[in-house]
Each structure stands twice: as structure tokens, then as C-alpha cells.
Amino acid sequence: MSHKKLIKEEHFGIARKIVSNMTAESWETIPHTVVSYEPEATQLLKVIDEINEGRAKEERLTINTVMLRVIVEGLKACPALNAHLEFNRKLVRGCVKTYENIDVSMPMILKTGEMMTINMHNMQDKTITEMRDAIADSTRRANNSDMNEVMFEVSLDNTLTGLKQGKIMQTINRLIGSKTGKHKVKTLTGQAKKDYYAIPATERLTKHDIEQGTITISNLGSACRDWNGLCTILEIIPPQVCAIGIGAKQLVPIADPDGTVRAGYKIPLTICIDHRALDMGDVTPFMTKLNEIFRNPEMIKEWV
């Protein structure tokens, strides 16, 4: 019998507990359908360079922020993706709630290496510059925050909501899992807790910042800029009905209608939908709008 040499043993903290619980629920309950979309972005990237010409580094627009605005335009044209689903499988009853406000759940990596999903509220009303500034401000406040405290607030709120809904055993199990033994969640106490909560909410994250959005958009390409490929699937976080992943820009051969081949850039997108709420045809208005933007990227200058 071979001897396994243990390198490390680490019990889940509250962040890993929440992520594990939500993603497990996603795969257990949601029938995922995936669409890949790979538009040519050569001209769009040139327009971004034109916008950034002469700007200071902190004033420049990133590809990811521009892509966020492009996707938001797609969601305005295809609001069915910006929705929540209520479904009772036993009674086979369902209800889809479509929202006007586009609140984007956006995963980001903090300076500690931790990942946190931030709710970027009301993206439908923001210019690209305002989106850039909102993301920068959320990142700043996230780096000032104690992640255990923020996530514990959200976890406690979810547990109390479940209790009100009659989920008594779920509440008991969560309390046991978070308050006992090696798996106990560690949060601030005493003076440290008083000092932390004395920090103004404008300088740290609150549960409002990480509550459930209307859709999840992940900038996967920003985590690995030399990634040559596309995401094949990502989880939809209930009750959302859609998750979108943005890949890294890729230099690839482009075949023009006249048969000539040239070098150009593509930015792959992965669009995952909940098949209980949506069919493939429901995604068509989204891709049609994005086709319009990528073919006429000069319009982006009007959104700055």
C-alpha cells in the first residue's frame, strides 16, 4: 500500500463554504445550456486604443470594462437573460421575474488572493467611465474589508430568510456547520469588531455590495491574459438564469468573405442559460445586438 504524503489540510472558511454551497445548488438544480460566441474584435480594440490615446494610465478604459458595457447593451436588447427564476419541481410551477435594473454579480480577485463576487448595481445607467470608476471603488473598498465579516452578514441573512420560509433543518445544520469544532467560522469579536464596524460604509463593503445580482458576468480573461481557448461552461447561481464569461483576447486567422485570410483578434464569450427558463432562441437578440456593436465599434465612443 502506497503512503500518501499530506502537504496541507485546510478546513473551509466562510468564503469557501458559501461558494461551495451555491455552486453545488447550481449543479444539483439547474439544467445548464451553453452557447459560445466568438466575435472578431480587431476594430473594437483599435477604437479602445483611440479612446485611450493621450490619457493617463488611471484614466484609460480597459478591455474588460468596455466588454462589460457591450454586454449590458446586449442585455438591454435581450432582457430575458437578466432575470430570476422561481421553480417548484414537485408542483411543476415556475415564475420568471425579468428586471429592468442590471445588477451584475462580478467575481474579482483581491490583493490577498481571495476571490469575492461584488454586486455592481444599476449598470444599465452607467457610461463606460462610470463603470470603470464604480469597479475601482468597489475594489478599493473590498481591499479595506474583512471578508469573513462581510460574508458572515450575508450568510446570516440567508439563514434567517430560510428560517422564515420554514427551512428549520437547513438552519440547524448551518448553525452546527459554522459554529462547532474545526469548521467553526471565525469572525471578529470585542474591540476588533467595534473598530471594524466604526469604519464608514463608504470605505468598506457591506452585504448590499455582495447580495445577489440579476446576472453574473465573469472577466475570466483578466485572470489569465495569455489563455488560448474559451471557457466551456460556468455555473449559473440561482435564482439567476444566466451567467456570462469573458475570455482573453486572442490573435487568430480571420477569413474574410472574399476568401482572403488575415490576422485579427477575437474575444470569446461563454453564455450559460437555465433551460427551465430559457431556450436557445431566447439568446438570439443578445448576439444580434453584439454583432451590431462589433461590426460598428465607433458607437462605443458615444458611451464613454
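Structure: see above.
Residues numbered from 1 in each chain as written. Predicted model: local features only at pLDDT ≥ 70, side-chain atom pairs only at ≥ 80, totals over all residues. Heavy atoms only, no water.

Student: Run through the packing of helix H3 (residues 63–77) against helix H4 (residues 128–143), naming residues and quoting values.
Tutor: Contact geometry of H3 with H4 gives a least axis separation of 9 Å together with a crossing angle of 120 degrees. The orientation of H3 relative to H4 falls into the category oblique. The crossing of H3 and H4 is right-handed. Here H3 contributes Thr 65, Val 66, Leu 68, Arg 69 and Val 72 to the contact with H4, which in turn contributes Ile 128, Met 131, Arg 132 and Ile 135. Across the contact of H3 with H4, the residue classes tally to 6 nonpolar, 1 polar and 2 charged. (Axes fitted to C-alpha atoms, helices over the stretch in contact; angles between N-to-C directions. Helix = DSSP H or I, 4+ residues; strand = E, 2+ residues; numbered from the N terminus. Parallel < 35°, antiparallel > 145°, perpendicular 65-115°, else oblique. Left-handed = near helix turned anticlockwise from the far one by under 90°. Contact = heavy atoms within 4.5 Å. Nonpolar A, V, L, I, M, F, W, Y, C, P; charged D, E, K, R; others polar.)

Student: Run through the sheet that holds strand E10 (residues 269–274), naming residues and quoting values.
Tutor: Strands pair in a sheet through their backbones, by hydrogen bonds, and they do so in one of two ways: parallel or antiparallel. Sheet architecture is open: 6 strands sit in the order E1-E10-E7-E6-E4-E5, paired in mixed fashion. Both edges of this open sheet fall to strand E1 (32–37) and strand E5 (115–120), since each of them pairs with a single strand only. Between one strand axis and the next, the sheet turns by 20 degrees as a mean value, whatever way the strands run. Here strand E7 (residues 242–246) runs beside E10; their pairing, made up of 5 bridges, is antiparallel. By the bridge assignment for E10, Ile 244 is matched with Ile 271. (Pairing = 2+ DSSP bridges.)

Student: Give a description of unusual backbone geometry that names residues and reports values.
Tutor: With an omega of 10 degrees, the peptide bond between Pro 238 and Pro 239 qualifies as cis. Structurally, Pro 239 is set in the loop between helix H9 (220–223) and E7. Phi at Val 92 is positive, roughly 50 degrees, even though this residue is not glycine. With respect to the helices and strands, Val 92 occurs in the loop between strand E2 (83–88) and strand E3 (93–98). The backbone of Asn 122 shows a phi angle near 55 degrees, a positive value even though the residue is not glycine. Here Asn 122 lies in the loop between E5 and H4.

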